[in-house]
Amino acid sequence: MTISLGVITDGISRDLDQALAVAAEHGLNAAELQYVGSHEVGDADFPVDADTADASRARGLPITCLSRHLFSGMPVLDTEPGDAAHNRQMAELARCLDLARDWNVPLVRIMCFRKEMILFGDRGAEEWVVTRGAWTRMLQLLEPAVQLASDRGQQLVLETGNSGMINSAALARRLLDEMGRPEALQILWDPCNCLYAGEPAWPDGCEAFADGGLGHIHIKDAVVRPALGSVSCRALGTGDMAPALPGLAEFLRASGYAGSVSLESVYCPLGGTFADGFRESVGTLRELFG
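Values in this document were obtained by computation on a predicted structure and should not be read as measured data.

Chemist: Honestly, the overall build of the protein chain in this entry has me stumped. Any pointers?
Modeler: Regarding its fold elements, the protein chain presents ten helices and twelve strands. Computed over its C-alpha atoms, the radius of gyration of the protein chain comes to 18 Å, within 12% of the 19 Å expected for a compact globule of 290 residues. Dimensions along the principal axes, computed over C-alpha positions, put the protein chain at roughly 55 × 40 × 40 Å. In the protein chain, which comprises 290 residues, the share counted as buried stands at 54%. With an accessible surface of roughly 12600 Å², the protein chain has 49% of that area assigned to carbon and sulfur atoms. When the 23 basic and 39 acidic side-chain charges of the protein chain are each reduced to a single mean position, those positions are 2 Å apart.

Now the structure itself:
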């Protein structure tokens, strides 16, 4: 199986034409849209122009995922399925699904609510430190989104976010299992985000996806110090992800992963630009996963 190599385009530039040109110049073959100009994908006034998707395909970079920050930061215990806040997010999701359908984009990214730190425990922890009900409420809030995508025959990917309820591959696996492995939901694995939860990508994260569930990948690198509340971005292969990257790449090949790996270009070198950070990372992306 061939893995497509892409980039979240606004990590290069919010000028989509410029971002696509740079990505194509560096041998990438996929694009992921998050912000274009002053708009986040899925905004009510997002410029829906079929030429955008055509221009991307013409450069050999079909759009693999539309990545709006749906459900991000929402407190689960203060949100009910069908309340005003949840309905607003569902309406934004519907717009993203419409755009994905019109542009023939296979995936729409969702996030997973604001993190409650301790979800499970026993021997007293369940009384004193577990946020009781948070996990169950999260599942209830996700069900309408998954059902909407299922009814439309479309695919959602839920990102492992360091500030979200699902901040590790292990929790992602548990979520899929408890939801009955719905066809309309897979995981967008960001293994660098999972470092903040103390989970290395290899072997731990890879083991969580040994029997499937992986729909898309974001890759970046950083020096992560949870005890200090600190993250410092690095060029790919020069931060805390470095020891796990060869094992991760081998796992993807051995498991037959046929999705995309999107470089999340959030590294800005001292005195440089995010475009400089992209150029310092893209060669390693191709060497590892190409």
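That was the structure; now back to the text.
Chemist: So what exactly am I meant to see when it comes to the environment of Gly82 here?
Modeler: Examined against the element boundaries, Gly82 turns out to sit in the loop between β5 (63–67) and α3 (84–103). Under the relative-accessibility criterion, Gly82 is labelled partly exposed at 44%. Sequence separation between Gly82 and Leu141 is 59 residues, and the spatial gap between their C-alpha atoms is 8.6 Å.

Chemist: Help me understand the state of the cysteines, please; the structure alone is not making it clear to me.
Modeler: A covalent bond between the sulfur atoms of two cysteines is referred to as a disulfide. One pass over the structure, following the stated rule, counts zero disulfides. Its sulfur unpaired, Cys194 is 9.1 Å from the next cysteine sulfur, which belongs to Cys192. With no disulfide of its own, Cys268 has Cys233 as its nearest cysteine by sulfur position, at a separation of 9.4 Å.

Chemist: Honestly, the packing of α3 against helix α5 (residues 134–152) in this entry has me stumped. Any pointers?
Modeler: Any two packed helices are characterised by how steeply their axes cross, that is the angle between the axes, and by the distance between the axes. Look at α3 against α5: their axes get within 11 Å of each other, and the N-to-C directions meet at 25 degrees. By the angle between their directions, the pair α3 and α5 is classed as roughly parallel. α5 is crossed by α3, and the crossing has right-handed handedness. Seen from α3, the contacting residues are His86, Met90, Leu93, Ala94, Leu97, Asp98 and Arg101; seen from α5, they are Leu141, Pro144, Ala145, Leu148, Ala149 and Arg152. Among the residues making up the contact of α3 with α5, the classes are represented as nine nonpolar, one polar and three charged.

So, how was this worked out
Residues numbered from 1 in each chain as written. Predicted model: local features only at pLDDT ≥ 70, side-chain atom pairs only at ≥ 80, totals over all residues. Heavy atoms only, no water. Helix = DSSP H or I, 4+ residues; strand = E, 2+ residues; numbered from the N terminus. Rg over C-alpha atoms; globule rule 2.2 N^0.38 Å. Buried < 20%, exposed > 50% of the residue type's maximum accessible area, 1.4 Å probe, protein only. Areas by Shrake-Rupley, 256 points an atom, 1.4 Å probe, with all protein chains shown as cover. Lys, Arg positive; Asp, Glu negative; His and termini not counted. Charge placed at Lys NZ, Arg CZ, Asp CG, Glu CD. Disulfide = S-S within 2.5 Å. Axes fitted to C-alpha atoms, helices over the stretch in contact; angles between N-to-C directions. Parallel < 35°, antiparallel > 145°, perpendicular 65-115°, else oblique. Left-handed = near helix turned anticlockwise from the far one by under 90°. Contact = heavy atoms within 4.5 Å. Nonpolar A, V, L, I, M, F, W, Y, C, P; charged D, E, K, R; others polar.

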